[in-house]
Amino acid sequence: LQRQGNIVAMTGDGVNDAPAVKSADIGVAMGITGTEVTKESASMILADDNFSTIVDAVREGRGIFDNIRKFLRYLLSSNMGEVFTVFGGVVFAGFLGITQPGSQSVTVPLLATQLLWINLLTDAAPALAMGVDPSTEDVMGRRPRTMNERVVNREMWGDVLFIGVIMAIVTLVGMDMHLAGGLFTDRSVGGSHEYQMVEARTMGFTILVFAQMFNALASRSHLQSAFKGLFSNRMLWGAIVVSVLLQLIVIYVPFLNTAFGTT
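Residues numbered from 1 in each chain as written. Predicted model: local features only at pLDDT ≥ 70, side-chain atom pairs only at ≥ 80, totals over all residues. Heavy atoms only, no water.

Engineer: Residues and numbers for helix H5 (residues 112-123), please.
Structural biologist: Counted at 1.5 Å a residue, the expected span for H5 with its 12 residues is 16 Å, and the 16 Å between its end C-alpha atoms agrees. For H5, the full list of buried residues reads Gln114, Leu115, Trp117, Ile118, Leu121 and Thr122. The buried residues of H5 all sit within an arc of 160° when viewed along its axis, so they share a single face. Facing away from the buried side of H5 by over 90 degrees, the exposed positions are Ala112, Leu116 and Leu120. Along its buried surface, H5 packs onto helix H3 (52-91), helix H6 (125-129), helix H8 (193-218), helix H9 (234-252) and helix H10 (254-260). (Helix = DSSP H or I, 4+ residues; strand = E, 2+ residues; numbered from the N terminus. Expected span 1.5 Å × (residues − 1). Buried < 20%, exposed > 50% of the residue type's maximum accessible area, 1.4 Å probe, protein only. Arc of directions from axis to C-beta. Contact = heavy atoms within 4.5 Å.)

Printed below as a string of structure tokens:
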């Protein structure tokens with residue numbers, strides 16, 4: 001079976017089973033009736049000697065692997081959104097109106113403190129809540145993964161880059177709409193250019209945070225709709241609510257406006 005490319009599990013309890021249990025991809029020993037030799041050779045020990053526990057273990061393992069992928073998909077795509085936003089904002093600054101009057105230096109679309117704040121909000125609670133996300137309905141209906149399948153495969157990289165680009169576009173468009181001389185605005189935008197820049201950064205900063213909150217919900221599955229089992233992870237929703245409240249505090253508490261360059 002292994003020569004044919006199958007992943008093999010072998011169960012056993014006696015000394016004579018130990019070589020086969022050790023040679024299998026997943027050796028399963030009986031915890032009650034099994035010998036010490038077999039237990040030492042096994043990858044898994046059934047504490048209750050119940051074969052149905054193997055199914056539960058497979059379900060749990062697949063759920064853990066899925067949650068690792070959700071965690072990575074979310075963090076990588078969110079960070080790509082930040083990278084593409086800064087990169088696009090610098091490269092296309094002239095088109096978007098992200099400039100500093102009378103200066104030839106590059107003006108970054110988001111400040112370092114704002115980017116650190118985004119990472120604090122998104123990399124902490126929402127990402128960690130995905131580690132306890134309940135398994136999807138189809139977790140036991142899929143074919144087993146191949147031995148050489150990567151955790152972050154080509155398909156996931158495609159998703160990560162696509163989501164990152166979309167995040168960057170909506171963020172930069174939101175900023176552009178608050179700047180005179182951009183692609184989507186004319187020269188009639190009110191206020192000094194310095195105030196426009198602060199307002200635009202606040203808009204881009206907030207759009208990026210909210211985009212990443214939506215991304216947290218969408219990253220829970222790459223096959224099912226985000227609306228399926230939308231409220232099944234209460235910890236994730238709690239993390240999203242806390243993150244949104246903290247973002248509103250940074251915008252609406254006056255002394256924090258100075259620290260984070262918001263208005």
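Engineer: Let's hear about the side chain of Gln212: which residues, and what values?
Structural biologist: Within the element layout of this structure, Gln212 appears in helix H8. Taking relative accessible area as the criterion, Gln212 reaches 0% and is therefore assigned buried. Reaching out from Gln212, the side chain makes a polar contact with the side chain of Glu82 at a distance of 3.1 Å. Setting aside its immediate chain neighbours within four residues, Gln212 contacts Tyr74, Ser78, Glu82, Ile118, Thr122 and Met167. (Polar contact = N/O pair within 3.5 Å; in protein donor to acceptor, adjacent residues only side chain to side chain.)

Engineer: Explain the pairing of strand S1 (residues 9-12) to me, using residue names and the numbers behind them.
Structural biologist: Pairing of S1 with strand S2 (residues 26-30), which is carried by 4 bridges, proceeds in the parallel orientation. Paired with Thr11 across the two strands is Val28, which belongs to S2. Each parallel crossover has a hand, and for S1 linked through helix H1 (residues 18-23) to S2 it is right-handed. (Pairing = 2+ DSSP bridges. Right-handed = clockwise from strand over helix to strand, strands pointing away.)

Engineer: Which residues make up the packing of H3 against H5, and what values do they have?
Structural biologist: In a pair of packed helices, the angle between the axes and the distance between the axes together describe the arrangement. Where H3 contacts H5, the axes come no closer than 11 Å and their chain directions differ by 165°. When the axes of H3 and H5 are compared, the pair comes out roughly antiparallel. The hand of the H3/H5 crossing is right-handed. In contact with Tyr74, Leu75, Asn79, Glu82 and Val86 of H3, H5 contributes Leu115, Ile118, Asn119, Thr122 and Asp123. In terms of residue class, the contact of H3 with H5 is made up of 5 nonpolar, 3 polar and 2 charged. (Axes fitted to C-alpha atoms, helices over the stretch in contact; angles between N-to-C directions. Parallel < 35°, antiparallel > 145°, perpendicular 65-115°, else oblique. Left-handed = near helix turned anticlockwise from the far one by under 90°. Nonpolar A, V, L, I, M, F, W, Y, C, P; charged D, E, K, R; others polar.)

Engineer: So what's going on with the sheet that holds strand S3 (residues 44-46)? Which residues, and what values?
Structural biologist: What the 3 strands build is an open sheet, ordered S1-S2-S3; its pairing is parallel. Of all the strands in the sheet, just S1 and S3 have a single pairing partner and so form its edges. Taken pair by pair, the neighbouring strands of this sheet meet at an average axis angle of 25°, ignoring direction. Alignment of S2 against S3, held across 3 bridges, turns out to be parallel. By the bridge assignment, Ala29 is partnered in S3 with Ile45.

Engineer: Residue-level account of the packing of aromatic side chains, with values.
Structural biologist: Considering all chains together, one arrives at 2 aromatic pairs under this definition. With a centroid separation of 5.1 Å and 25° between ring planes, the pair formed by Phe231 and Trp237 is classed as stacked. Exposure remark for Trp237: the relative accessible area of 24% places this residue in the partly exposed category. The side chain of Arg145 reaches across the aromatic face of Phe65, ending 3.6 Å from its centre. (Phe/Tyr/Trp six-rings, centres within 6.5 Å; stacked < 30°, edge-to-face > 60°. Lys NZ or Arg CZ within 6 Å of the ring centre and 35° of its normal.)

Engineer: Report on H9, specifying residues and quantitative values.
Structural biologist: Counted at 1.5 Å a residue, the expected span for H9 with its 19 residues is 27 Å, and the 27 Å between its end C-alpha atoms agrees. Residues of H9 that are buried: Leu236, Ala239, Ile240, Ser243, Val244, Gln247, Val250 and Ile251. End-on, the buried residues of H9 take up no more than an arc of 130°, which puts them together on one face. For H9, the exposed residues lying more than 90 degrees away from the buried face are Arg234, Met235 and Tyr252. Buried residues along H9 sit against H5, H6, H8 and H10. Its side-chain oxygen at 3.2 Å from the backbone nitrogen of Met235, Asn233 defines the N-terminal cap of H9.

Engineer: How would you summarise the pattern of salt bridges if you had to cite specific residues and measurements?
Structural biologist: Under the definition given, this model contains 6 salt bridges. Connected via shared salt-bridge partners are Lys70, Asp133 and Arg220. (Salt bridge = Lys/Arg side-chain N within 4 Å of Asp/Glu carboxyl O.)

Engineer: Please provide a residue-by-residue account of the nonpolar core, values included.
Structural biologist: Grouped burial of nonpolar side chains is what soluble globular proteins tend to show. Leu110, Trp117, Ile118 and Phe205 are the most contacted members of the largest nonpolar core, which has 13 residues in total. If we skip the residues at most four places from it in the chain, Trp117 touches Phe205, Leu246, Gln247, Val250 and Phe260. Counting 12 residues, the second-largest nonpolar core is a separate cluster that includes Tyr74, Ala127, Met130 and Leu230. (Core = buried A, V, L, I, M, F, W, Y, C linked by side-chain atoms within 4.5 Å.)

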